[in-house]
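Coordinate analysis (summary)
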Amino acid sequence: MQIRKATIRDIDDIMPVFDAARLFMQSTGNPHQWINGYPSKELIISNIQDEDFYLCFSGDSIVGAFYFRIGDDPTYDRIYNGLWLNDKPYGVVHRLASNGKQKRLADLCFDWCFNRVDNIRVDTHRDNKVMQSALERYGFRYCGIIYLADGRERMAYQKSLFD
C-alpha cells in the first residue's frame with residue numbers, strides 16, 4: 001500500500017471513501033458518529049489545503065483516507081476521567097476512513113504515522129467498537145474522555161514509543 005498527501009484534484013475520489021465508511025459504521029452499531037454529511041467536502045478541502053490529509057492506495061485505487069498532523073490539538077488540551085501517557089510532542093490522527101477493500105488499513109496508517117513521530121493521540125466515538133478494537137490491537141491505551149469544540153464526548157487514546 002502507498003500513502004501520499006491528497007491534492008484538491010483528489011476530492012471527488014475521496015468523498016466516496018467516507019460514504020463507504022459511514023455505511024460500515026452504521027452497519028456495525030455506530031450510527032451516530034459521522035452524521036449529517038460529516039466530514040464535509042469543505043472540511044476535507046481545508047485539510048488538504050493545510051497539507052494534513054493523506055490517501056491510501058492499493059495500486060491506482062484509493063482505499064482509505066486520513067488526517068494526520070504533528071503538533072498540539074486544542075481538543076486534547078483537557079482530558080477527563082484519566083490522564084495522557086505523557087506531555088511530549090505528538091501527532092494526531094483524525095477522520096481515518098476505509099472503503100473496506102484493504103484489510104487492517106488502520107494498522108497500515110498507524111505504521112506510516114509512527115515512522116514520522118513517536119507519540120500519537122487519537123479519539124473515537126463511544127459506539128465505534130471497530131476503531132476501539134483496532135486501537136487496542138495496535139497498542140494504543142485508553143486515556144480518558146475529551147470533548148470536541150461542540151461539546152460532543154470522545155474516548156481518547158494514546159500510544160507512545162517513549163514509554
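Relevant structure appears above.
Residues numbered from 1 in each chain as written. Predicted model: local features only at pLDDT ≥ 70, side-chain atom pairs only at ≥ 80, totals over all residues. Heavy atoms only, no water.

**Considering the packing of helix α3 (residues 105-114) against helix α4 (residues 129-138)**
Rule in force here: Lines fitted to the C-alpha atoms define the axes, with helices restricted to the stretch that makes contact. Angles between their N-to-C directions range from 0 to 180 degrees. In this text, helices come from DSSP runs of H or I with a minimum length of four residues, and strands from runs of E with a minimum of two, each type numbered from the N-terminal end. Throughout, the term roughly parallel applies to angles under 35 degrees, roughly antiparallel to angles over 145, roughly perpendicular to angles from 65 to 115, and oblique to all others. Throughout, a crossing is termed right-handed when the near helix is turned clockwise from the far one, and left-handed when it is turned anticlockwise from it by less than a right angle. Note on contacts: a residue pair qualifies if any of its non-hydrogen atoms lie within 4.5 Å across the two residues. All amino acids are sorted into three groups, where Ala, Val, Leu, Ile, Met, Phe, Trp, Tyr, Cys and Pro are nonpolar, Asp, Glu, Lys and Arg are charged, and the leftover types, Gly among them, are polar.
Look at α3 against α4: their axes get within 10 Å of each other, and the N-to-C directions meet at 50°. Accordingly, the angle class assigned to the pair α3 and α4 is oblique. Our pair here, α3 against α4, has a crossing hand that is right-handed. On α4, the residues that touch A106, D107, F110, D111 and F114 of α3 are A134, L135, R137 and Y138. Classifying every residue of the contact of α3 with α4 by side-chain character gives six nonpolar, no polar and three charged.

**Points about the sheet that holds strand β2 (residues 53-58)**
The cut-off we apply is this: Should DSSP find at least two bridges between two strands, the strands are regarded as paired.
If you walk across this open sheet you meet the seven strands as β1-β2-β3-β4-β5-β7-β6, and the pairing is mixed. Looking at strand neighbours, the two that pair on one side only are β1 (2-5) and β6 (141-147), the edges of this open sheet. The mean inter-strand angle of the sheet, taken between neighbouring strand axes irrespective of direction, is 30°. Two elements, β6 and strand β7 (residues 153-160), share six bridges in a ladder whose sense is antiparallel. In the strand pairing of β7, I146 is matched with R154. Sitting on the sheet, α3 is in contact with β1, β2, β3 (61-70), β4 (91-98), β5 (119-124) and β7, with an inclination near 155° to β4.

**With respect to the pattern of salt bridges**
Defined as follows: Definition used for salt bridges: Asp or Glu carboxyl oxygen within 4 Å of a side-chain nitrogen of Lys or Arg. When accessible area is computed with a 1.4 Å probe and restricted to protein chains, residues below 20% of their type maximum are described as buried, those above 50% as exposed, and intermediate ones as partly exposed.
Taken as a whole and assessed by the stated rule, the structure comprises eight salt bridges. Between D10 and R4 there is a salt bridge, with its nearest N and O atoms 2.9 Å apart. Note on R4: relative accessible area 34%, which makes it partly exposed. Between K5 and E51 there is a salt bridge whose closest N-O contact spans 3.4 Å. One end of the pair, K5, is in strand β1; the other, E51, is in the loop between α2 (41-49) and β2, with 46 residues separating them in the sequence. Each member of the salt-bridge network shares a partner with another, and the members are R104, D107 and R137.

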